[in-house]
Each structure stands twice: as structure tokens, then as C-alpha cells.
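Architecture at a glance
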Amino acid sequence: MASTDIIKQREIGRLRHIRLWEKCKAEGRCRQCGNSAAFVRKEEPLCLCCWFGHIAKKYTGTRKSGPMFQAIFEAQNSRCAYTNELLIPGINASIDHKIPLSRGGNNEHSNLQWVTLRINSMKNDMTHDEFLAICLLISKQASFQLNPPTVEESLPYSQDPTRAQNSDAISSHMPSM
């Protein structure tokens, strides 16, 4: 087969796929399973079950892991593992690897969690523990800025008048060397 024939075949397949997609969308059916169900997103005619399969294929190469992704989502009560924010599939829900694939992680159930897209973007290639440590530092700094120490608390020991008096009293009772 000539390369132009291959290109034509691909274009015909792509157009057929688009027509099928539009037909399913118009009929209110999932493009994957054909069931009538609410779509995850208006522009993409996929039911929730098939959306999980789509996400599974994206991460594992097969739709067979879709039920696992859905089970993790349901175990978290549709909430972000870090912020407890409500997750909406197709809108703000994102799968996160506790140990990133780039750092030796895998796609097993114990290494996966659902988070918001924003959080996943911030976490980037940090591990779960590294991300929590950074969040703790940020939280401490924010708390410090909201409740700064008083002038007395921030003075060095020697400049604090009450401490200096006590220091003099203590040193007067100390034997000289």
C-alpha cells in the first residue's frame, strides 16, 4: 500500500470516529459503552465508568485498571487526598503517584491517590512525604506571618530588660573566677 493510501485510510478512520462521537453525543450515549448516562464532561461523551477506563488507559496502557481507579476515587469519597476538596471527574480530578514514576514509583493501587489538578501540578515530581514536608514549612511560615512574635519575644536575650536584670542578679551570686 502506498503512503498516500495509508494517509487516506487514517483520515477516513478519524472522520468516522468524529461522526460516531457526535452521534453518541447527540443521542446522549457514552461513546465507549453506548449506555445512556450523564457525561463526565459535555464535550466528551463518556460515562463515569468509561472515564475511569480512559484514565486507566492513559496511565497503565489498558482500560482493565479502570475499576481500580474508580475504587480509589470512591474510597477517598471523591475528595482530594491533601485538601479534602471535592473532586469532579473531568474537571479538577487528577491521579497522583505517591512515589512518582520518574522516581521509581509504579501504577499499583497503594501508590495511587486522587488529588486536584492544582495540587498535582504543585506536587510535580515530589514524593508524598516530600510534599507534606514542604506544606508543613509553608504552613509554619504562614502561621508566623499571621501571628508575628512581639517585640519582647524577638529581642535577643541580652537586650531584653527583664532578662538582663535577672541575668545581673544571677551573676552577682556566682563566684568569680
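What counts as what
Residues numbered from 1 in each chain as written. Predicted model: local features only at pLDDT ≥ 70, side-chain atom pairs only at ≥ 80, totals over all residues. Heavy atoms only, no water. Patch = residues over 30% accessible without salt bridge, like charges linked within 9 Å, V, L, I, M, F, W, Y side chains within 5 Å. Areas by Shrake-Rupley, 256 points an atom, 1.4 Å probe, with all protein chains shown as cover. Salt bridge = Lys/Arg side-chain N within 4 Å of Asp/Glu carboxyl O. Buried < 20%, exposed > 50% of the residue type's maximum accessible area, 1.4 Å probe, protein only. Phe/Tyr/Trp six-rings, centres within 6.5 Å; stacked < 30°, edge-to-face > 60°. Helix = DSSP H or I, 4+ residues; strand = E, 2+ residues; numbered from the N terminus. Pairing = 2+ DSSP bridges. Core = buried A, V, L, I, M, F, W, Y, C linked by side-chain atoms within 4.5 Å.

Further remarks concern a nonpolar patch on the surface. Taken together, the side chains of L86, I88 and I91 present a nonpolar region at the surface, about 270 Å² in accessible area. I91 gets classed as exposed once you look at its relative accessible area, which sits at 53%.

What follows is about the packing of aromatic side chains. All chains considered together, the criterion is met by seven aromatic pairs. A centroid spacing of 5.2 Å and a plane angle of 70 degrees characterise the contact between W51 and F52, whose relative ring orientation is edge-to-face. The residues W51 and F52 share a single accessibility class, namely buried. Look at Y82 and F131: their rings are 4.9 Å apart centre to centre, the planes differ by 70 degrees, and that puts the pair in the edge-to-face class. With Y82 in the loop between α3 (66-75) and β1 (93-97) and F131 in helix α5 (residues 128-146), this pair connects stretches of sequence that are 49 residues apart. For the pair shown, Y82 and F131 are each scored as buried. Clustering of aromatic rings is evident, with ring pairs tying together W51, F52, F73 and W114.

Counting buried residues along β1, five of its five residues qualify, which places the element largely inside the surrounding structure. Where burial is concerned, the two faces of β1 agree: the one with A93, I95 and H97 and the one with S94 and D96 are both buried. As judged from the five bridges shared by β1 and strand β2 (residues 112-116), these two strands associate in the antiparallel manner. Bridging across to β2, D96 finds its partner in Q113.

Before going further, it helps to spend a moment on the nonpolar core. Counting residues in hydrophobic clusters, the biggest one holds 19 residues, and the most contacted among them are W51, F69 and W114. At the level of secondary structure, the elements contributing two or more residues to this core comprise α2 (48-60), α3, β1 and β2. Looking at this core, the element that brings in the most residues is α2, giving four residues.

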